[in-house]
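Below, each chain spelled out in residue letters.
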Amino acid sequence: MNLDDYRGVWVFIEQNDAKIEGVSLELLGAGRKLADKLQVPLAGFLLGSEIKPLANQVISYGADKVYLIDHPVLKNYRTESYMQGVMVLAQKYMPEIILYGATPNGKDLASAVATDLSTGLTADTTMLDVDVDNRLLEASRPAFGGNIMATILCKKHRPQMATVRPKVMKALEPDSKRLGKVIEEKIDLKEEDMRTKVLQIVNDVTKKANLADAHVIVCGGKGMGDLQNFQLIHELAETIGASVGGTRDVVEAGWLPHDQQVGQTGETVTSKIYFAIGISGAIQHVVGMKNSEFIIAINKDPNAPIFDVATYGIVGDAMEIVPKLIEQFKQLRSEKGGEISYA
């Protein structure tokens, strides 16, 4: 393998029902920075059925090229068919970096492609950079329980690949006037050759709010002491119309279900307002909330790492401060006719 034969940064454009997943647009933003540093084109690659109209959207979000395979067998995601599509593209055009969203489909596809291409894959990355001189992707993620950040390199194989968690990168502002090249490729796929069949797609119809989409979140940690004290988190959230989140310790203690966990092994959030109450600020939690617009931290330890990422910090006992906040917000709601605006 001659590593110098590989050039270009690629992003897997995940789509469902001809709608591009947000993480793919975020990765185009991150990929644009990497491509500019390496002085190579940024490409998105699209697989699916009747997805040609999506190519212009990919270009508007920063891609110079879009590689596209449009085939009826690719209508619904399956590892086998999508992997064949990626192999056709990767072996022909030889990109040096491929980024995937760390979604169920993205992680499944990336691991399958890495196996067939005999290359490395860094999973659940939260930071990306490149060593320009050596053309190495620097994919970083928390390790050893979140106590350190590990930067992983793939020195001897290409392409270099990583899956990246949703919400940790930022998409560029779309530019509808941006020009790019669309390259269509063909693939020989037959439905009868597929070993798996899609029998039915059942959409999640739960009425429960998705924490990742919440505009305001009140998140509590083990610093709340016990389950009874943690009820203050619920009361504050109810008062201000927010969603409730918790750290891994809180979930493991049984105070909240796993789908309300924020952090490396939970949800990644980018809320407008994020209350971090009784949370020390370990790396595995911070990577899941650091991109929130306003972070308000309450902790009795003035040296708690959470204050390093907080917009505003309050040093004090949460059991004394939170009831006062609840009281003040209730008074504000009363003055505003029962509603609090976060516009």
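Each value, and the rule that gives it
Residues numbered from 1 in each chain as written. Predicted model: local features only at pLDDT ≥ 70, side-chain atom pairs only at ≥ 80, totals over all residues. Heavy atoms only, no water. Pairing = 2+ DSSP bridges. Helix = DSSP H or I, 4+ residues; strand = E, 2+ residues; numbered from the N terminus. Axes fitted to C-alpha atoms, helices over the stretch in contact; angles between N-to-C directions. Buried < 20%, exposed > 50% of the residue type's maximum accessible area, 1.4 Å probe, protein only. Contact = heavy atoms within 4.5 Å. Parallel < 35°, antiparallel > 145°, perpendicular 65-115°, else oblique. Left-handed = near helix turned anticlockwise from the far one by under 90°. Core = buried A, V, L, I, M, F, W, Y, C linked by side-chain atoms within 4.5 Å. Salt bridge = Lys/Arg side-chain N within 4 Å of Asp/Glu carboxyl O. Nonpolar A, V, L, I, M, F, W, Y, C, P; charged D, E, K, R; others polar. Domains from an automatic or database assignment. Buried area = accessible area lost by both parts, 1.4 Å probe. Polar contact = N/O pair within 3.5 Å; in protein donor to acceptor, adjacent residues only side chain to side chain.

A closer look at the sheet that holds strand β13 (residues 216–220)
Pairing within the open sheet is parallel, and its five strands lie in the order β14-β13-β15-β16-β17. The sheet terminates laterally at β14 (243–246) and β17 (312–315), the two strands that pair on one side only. Pairwise comparison of adjacent strand axes, ignoring direction, gives a mean angle of 15° for this sheet. As paired elements, strand β16 (residues 294–299) and β17 share four bridges and run parallel to each other. Counted as the bridge partner of Ile296 is Tyr312 from β17.

Observations regarding the pairing of strand β15 (residues 273–277)
Among the five residues in β15, five count as buried, and that is most of the element. Here β13 runs beside β15; their pairing, made up of five bridges, is parallel. In the strand pairing of β15, Val216 is matched with Ile273. Pairing geometry for β15 and β16, over five bridges, is parallel. Bridge pairing in β16 links Ala276 to Ala297.

With respect to the side chain of Arg78
Along the chain, the position of Arg78 falls in the loop between β5 (65–70) and α3 (79–93). Apart from residues lying up to four places away in sequence, Arg78 is in contact with Val73, Glu191, Met194, Thr196, Lys197 and Val198.

Observations regarding the packing of helix α5 (residues 227–240) against helix α9 (residues 318–335)
Where α5 contacts α9, the axes come no closer than 10 Å and their chain directions differ by 20°. Taken together, the axes of α5 and α9 lie roughly parallel to each other. Two packed elements cross with a definite hand, and for α5 against α9 that hand is left-handed. Facing Asn229, Leu232, Glu235, Leu236, Glu238, Thr239 and Ile240 of α5, the residues of α9 in contact are Met319, Val322, Pro323, Leu325, Ile326, Phe329, Lys330 and Arg333.

A look at the nonpolar core
In terms of nonpolar packing, the biggest core is built from 34 residues, with Val9, Leu28, Leu46, Val58, Leu99, Leu128 and Leu137 touching the most fellow members. Here this core gets eight residues from one element, more than from any other, and that element is helix α1 (residues 22–38). Beyond its immediate sequence surroundings of up to four residues, Leu99 is in contact with Trp10, Val11, Phe12, Leu27, Gly31, Leu34, Leu128, Leu137 and Ala162. Grouped together as the second largest cluster of nonpolar side chains are 29 residues, Trp10, Phe45, Met87 and Met161 included.

Some words on the pattern of salt bridges
According to the stated counting rule, one finds 13 salt bridges in the structure shown. For the salt bridge of Glu96 with Arg135, the shortest nitrogen-to-oxygen distance reads 3.0 Å. You can see Glu96 sitting in the loop between α3 and β6 (97–101) and its partner Arg135 sitting in the loop between β8 (127–131) and β9 (136–143), a full 39 residues away along the chain. Residue classification places Arg135 among the buried residues on the basis of a relative accessible area of 18%. Salt bridges here are not isolated pairs; linked through shared partners, they connect Arg32, Asp36, Asp64 and Arg178.

Some details on the packing of α3 against helix α4 (residues 104–117)
Viewed as axis vectors pointing N to C, α3 and α4 meet at an angle of 55°, and their least axial separation amounts to 10 Å. On the basis of the axis angle, α3 is oblique to α4. At the point where α3 passes α4, the crossing takes the right-handed sense. On α4, the residues touching Thr79, Tyr82, Met83, Val86, Met87, Ala90 and Gln91 of α3 are Asp108, Leu109, Ala112, Val113, Asp116 and Leu117. A per-class count over the contact of α3 with α4 returns nine nonpolar, two polar and two charged.

Overview of the domain arrangement of the protein
It is common to report an interface's size as the accessible area lost on association of the parts. Domain parsing of the protein yields domain 1 (3–193) and domain 2 (211–342). Just the C-alpha atoms count here: the centres of domain 1 and domain 2 sit 34 Å apart. Counting from both sides, the interface comprises 15 residues of domain 1 and, opposite them, 15 residues of domain 2. Regarding the contact of domain 1 and domain 2, the summed buried area is about 1,100 Å², with carbon and sulfur atoms giving 46% of it. Per-residue buried area on domain 1 facing domain 2 is highest for Arg165, Lys167 and Val168; these three make up 49% of the total on that side. Where domain 1 meets domain 2, there are zero salt bridges. For the pair domain 1 and domain 2, the interface holds six residue pairs in polar contact (both at pLDDT 80 or more). Broken down by secondary-structure element, the contributors of at least two residues to the side of domain 1 that touches domain 2 are β9 and β10 (148–152). Its residues placed into classes, the side of domain 1 that touches domain 2 shows seven nonpolar, four polar and four charged.

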